[in-house]
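Below are the chains, spelled out letter by letter.
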Amino acid sequence: MKELKKILKTKSEIPLERATVINIFYSNSWVKDELQLQLKPYDLSIEQFNVLRILRGQNGKAINLQDIQERMVNKMSNTTRLVDKLIKKKFVKRTICKANRRKVEIIITGLGKDTLIHIDPIIEAAEKNITKNLTQKELIQLNTLLIKLKNQ
């Protein structure tokens, strides 16, 4: 608690529940900033990176915008806008569904896959650096507690 009060530059007592929520927000921002720093040279946002990984996971099969949205880590993202930016960068392309011509599907390009191949080890190193102060047991415990927190 002392560390959090120092970060927040306050001497006031903070209720434990509020301190926990603030700490989660603060940690989220810190992790995002660390990852964004690694993606900046590739002109990618974390959300765009997430879309590329979702598309790579399709193993060459196209996927529609709604399915991408459902798999996004940040559900508030404007998937259409993210995909449009990735199309401009030639990381993905839009296709028309053969079964339903009104349906637009998205597929990752070779450039998108190659870019991920370069970024993957950089992000993996950043993730290891972010979590370096925790043991494997503590990482499991943290994940268990975060899942428990969301299961309300």
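Note that the coordinates shown come from a computational prediction; the quantities given were computed from them, not determined experimentally. (Residues numbered from 1 in each chain as written. Predicted model: local features only at pLDDT ≥ 70, side-chain atom pairs only at ≥ 80, totals over all residues. Heavy atoms only, no water.)

1. As for the overall build of the protein
Reasoning step 1: Each helix and strand counted, the protein has seven helices and three strands in total.
Reasoning step 2: Its helices and strands in sequence order give the protein the pattern α-α-α-β-α-α-β-β-α-α, from N to C terminus.
Reasoning step 3: Over its C-alpha atoms the protein spans a radius of gyration of 19 Å, topping by over 25% the 15 Å that the globule rule assigns to 152 residues.
Reasoning step 4: Its C-alpha atoms give the protein principal-axis dimensions of roughly 60 × 35 × 30 Å.
Reasoning step 5: A total of 152 residues make up the protein; the buried ones form 28% of that total.
Reasoning step 6: Contacts in the protein between residues at least 24 apart in sequence constitute 46% of all its contacts with a sequence separation of at least 6. (Helix = DSSP H or I, 4+ residues; strand = E, 2+ residues; numbered from the N terminus. Rg over C-alpha atoms; globule rule 2.2 N^0.38 Å. Buried < 20%, exposed > 50% of the residue type's maximum accessible area, 1.4 Å probe, protein only. Contact = heavy atoms within 4.5 Å.)

2. Side note on the packing of helix α3 (residues 46-56) against helix α6 (residues 110-130)
Reasoning step 1: In contact at an axis separation of 12 Å, α3 and α6 are set at 120° when each is read in the N-to-C sense. Every pair of crossing elements has a handedness; the one defined by α3 and α6 is left-handed. On α6, the residues that touch Phe49, Leu52, Arg53 and Arg56 of α3 are Leu116, Ile119, Asp120, Ile123 and Glu127.
Reasoning step 2: Its residues placed into classes, the contact of α3 with α6 shows five nonpolar, no polar and four charged. (Axes fitted to C-alpha atoms, helices over the stretch in contact; angles between N-to-C directions. Left-handed = near helix turned anticlockwise from the far one by under 90°. Nonpolar A, V, L, I, M, F, W, Y, C, P; charged D, E, K, R; others polar.)

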